[in-house]
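Take a look at the letters that make up each chain.
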Amino acid sequence: MSKQKKLIRKTFRDSVFGRDGHRCVFCDINKGLDAHHITDRTLMPKGGYVIENGITVCQEHHLVAEIWHTSQHQKWAEGFHPDDLYTKIGSSYGKAVIADNLRIL
């Protein structure tokens with residue numbers, strides 16, 4: 001992985017964790033955290049590495065959130081629809097796309 005890609009990922013992760021107080025937004029756990037992309041990176045214009053598209057989750061809740069990605073976007077657990085996740089962080093798909101389009105690679 002290139003240094004630039006590592007920096008983009010680290011900046012995304014640090015920004016998301018910072019906004020969410022370094023705790024899972026579902027259970028308040030502060031260990032083993034992941035910065036989950038709400039909308040899959042491949043569906044975003046420049047990869048979706050923007051705070052508007054990220055949410056802090058523990059490993060258990062990351063698995064629940066990932067079901068949506070692995071099910072070809074056809075099912076999700078209650079409260080884990082992308083719109084629910086965006087609402088939880090005060091964002092939206094539209095805000096995420098705009099921010100991603102404005103991101104300098």
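Description of the structure in this document.

Analysis parameters
Residues numbered from 1 in each chain as written. Predicted model: local features only at pLDDT ≥ 70, side-chain atom pairs only at ≥ 80, totals over all residues. Heavy atoms only, no water. Helix = DSSP H or I, 4+ residues; strand = E, 2+ residues; numbered from the N terminus. Rg over C-alpha atoms; globule rule 2.2 N^0.38 Å. Buried < 20%, exposed > 50% of the residue type's maximum accessible area, 1.4 Å probe, protein only. Contact = heavy atoms within 4.5 Å. Areas by Shrake-Rupley, 256 points an atom, 1.4 Å probe, with all protein chains shown as cover. Lys, Arg positive; Asp, Glu negative; His and termini not counted. Charge placed at Lys NZ, Arg CZ, Asp CG, Glu CD. Salt bridge = Lys/Arg side-chain N within 4 Å of Asp/Glu carboxyl O. 1 Å grid on protein atoms, 1.4 Å probe; cavity = no way out; pocket = protein on both sides within 12 Å on 5 of 7 lines; lining within 4 Å. Points joined across faces, edges and corners; volume = space filled by probe spheres on them. Nonpolar A, V, L, I, M, F, W, Y, C, P; charged D, E, K, R; others polar. Phe/Tyr/Trp six-rings, centres within 6.5 Å; stacked < 30°, edge-to-face > 60°. Lys NZ or Arg CZ within 6 Å of the ring centre and 35° of its normal.

When helices and strands are tallied, the protein shows 4 helices and 2 strands. In sequence order, the protein lays out its α and β elements as α-β-β-α-α-α. What you see for the protein is a C-alpha radius of gyration of 13 Å, in line with the 13 Å of a compact globule of 105 residues. Expressed as lengths along the three principal axes of its C-alpha atoms, the size of the protein is roughly 35 × 30 × 25 Å. When each of the 105 residues of the protein is scored for burial, the buried share is 38%. The contacts in the protein between residues at least 6 apart in sequence include a share of 68% that link residues at least 24 apart. Total accessible area on the protein stands at roughly 6,300 Å², and carbon and sulfur atoms take up 54% of it. Looking at the protein, you have 15 positive and 12 negative side-chain charges, and the mean spots of the two groups are 9 Å apart.

To continue, consider the pattern of salt bridges. Side-chain pairing between opposite charges can occur once the charged atoms of the two side chains come close. For the structure on display, the rule yields 4 salt bridges. The shortest N-O distance in the salt bridge between Asp14 and Lys10 comes to 2.5 Å. You can see Asp14 and its partner Lys10 sitting in helix 1 (residues 3-19), 4 residues apart, about one turn around the helix. Classification of Lys10 by relative accessible area gives partly exposed; the value is 49%. Put simply, Arg23 and Asp28 hold a salt bridge, and the shortest N to O gap is 3.9 Å. Arg23 sits in the partly exposed class, given a relative accessible area of 31%.

The next thing to look at is the layout of surface pockets. Leftover empty space is mapped by rolling, across the atoms, a probe with the size of a water molecule. If you add up the space inside the largest pocket, you get close to 260 Å³. Every residue lining the largest pocket is counted, 13 residues in all, and those nearest its centre are Arg9, Phe12, Ala35, His37 and Arg41. Among the secondary structure elements, those contributing two or more residues to the lining of the largest pocket are helix 1, strand 1 (33-37) and helix 2 (59-70). Ranked by the residues each element gives to the lining of the largest pocket, the list is headed by strand 1, at 4 residues. Per-class residue counts for the lining of the largest pocket are 3 nonpolar, 4 polar and 6 charged.

Let us now look at the packing of aromatic side chains. The tally for this structure, following the rule as stated, stands at 2 aromatic pairs. Relative to Tyr49, the ring of Phe12 lies with its centre 5.6 Å away and its plane at 85°, an arrangement referred to as edge-to-face. Residue Phe12 is found in helix 1, and its partner Tyr49 is found in the loop between strand 1 and strand 2 (54-58); the two are separated by 37 residues along the sequence. Just above the ring of Phe26 sits the side chain of Lys88; from NZ or CZ to the centre is 5.0 Å.

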